[in-house]
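Report on the structure
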Amino acid sequence: MARSVEIKARIDDLELLRERLAKLATAGPALISQDDTYFQCDKGRLTLRQFSDGNGELIFYQRNAKAGPDESIFSKSPAPQPDSLRTLLSHAYGQIGRIKKMRTLFFIESTRVHVDWVQDLGNFIEIQTEIGNDEPSSNGEMITEMLMEKLGVSLDSLLHESYLDLISQKSP
């Protein structure tokens, strides 16, 4: 399983964030359309992500519900036929939600920065700093906090909820 330190936050000023990212990014932007289907999973989150080219990936992750830099453990597997896999997993585990988003991916060194427009929710930023299996999570927290400061991500904009949780809160 891979490990990362992550944050998610609402974006107040998208243009200012893009200006700051343009100065810091070592790669990107890359625009990626994502259709994420979530399945019932008692030990974390199980997500099938489908891309606009028809390919996908199955992702399992575990993360604490903390509004701030926090460790996530995850594993991914290619899913070359996501439509049939979605049907299979829906029958086996039950589908609990679906999130559609446009993601703009940047890299700042080895850290992934996602600027997401999420259907029915708006604009967000995610910072994801991968860390080695033997590396302390404090290393990833330090990098993430430094990038938060440089990108102008305030502590009060941080979220502990996933996009699925946020959509669920909006439903009557």
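Residues numbered from 1 in each chain as written. Predicted model: local features only at pLDDT ≥ 70, side-chain atom pairs only at ≥ 80, totals over all residues. Heavy atoms only, no water.

1. Section: the overall build of the chain
Looking only at helices and strands, the chain features four helices and eight strands. When its helices and strands are written in sequence order, the chain yields β-α-β-β-β-β-α-β-β-β-α-α. In summary, the chain has a C-alpha radius of gyration of 16 Å against a globular reference of 16 Å for 172 residues, a match within 12%. Looking at the chain residue by residue over its 172 residues, the buried ones come to 42%. Sequence-distant contacts, at least 24 apart, represent 62% of the contacts inside the chain between residues at least 6 apart. Of the roughly 9300 Å² of accessible surface on the chain, a fraction of 50% belongs to carbon and sulfur atoms. (Helix = DSSP H or I, 4+ residues; strand = E, 2+ residues; numbered from the N terminus. Rg over C-alpha atoms; globule rule 2.2 N^0.38 Å. Buried < 20%, exposed > 50% of the residue type's maximum accessible area, 1.4 Å probe, protein only. Contact = heavy atoms within 4.5 Å. Areas by Shrake-Rupley, 256 points an atom, 1.4 Å probe, with all protein chains shown as cover.)

2. Some thoughts on helix α3 (residues 137-151)
Spanning 15 residues, α3 covers 21 Å between terminal C-alpha atoms, matching the ideal 21 Å at 1.5 Å per step. Along α3, the residues classified as buried are Gly140, Thr144, Leu147, Met148 and Leu151. For α3, the angular spread of the buried residues around the axis is 105°, confining them to a single face. For α3, the exposed residues set more than 90 degrees away from the buried face come down to Met142 and Glu149. Directly after α3, the chain includes glycine 152, whose backbone phi takes a positive value near 75°. (Expected span 1.5 Å × (residues − 1). Arc of directions from axis to C-beta.)

3. Topic: the pairing of strand β1 (residues 2-10)
For a regular strand, side-chain orientation follows a simple rule: the groups alternate between the two sheet faces. Burial runs high along β1: seven of the nine residues are buried. Taken together, the five bridges between β1 and strand β5 (residues 70-79) define a ladder with antiparallel strand orientation. Across the sheet, residue arginine 3 finds its bridge partner in β5, namely isoleucine 73. Of the strand pairs in this sheet, β1 and strand β8 (residues 122-131) are connected by eight bridges, and their pairing is antiparallel. Counterpart to serine 4 in the pairing with β8 is glutamate 130. (Pairing = 2+ DSSP bridges.)

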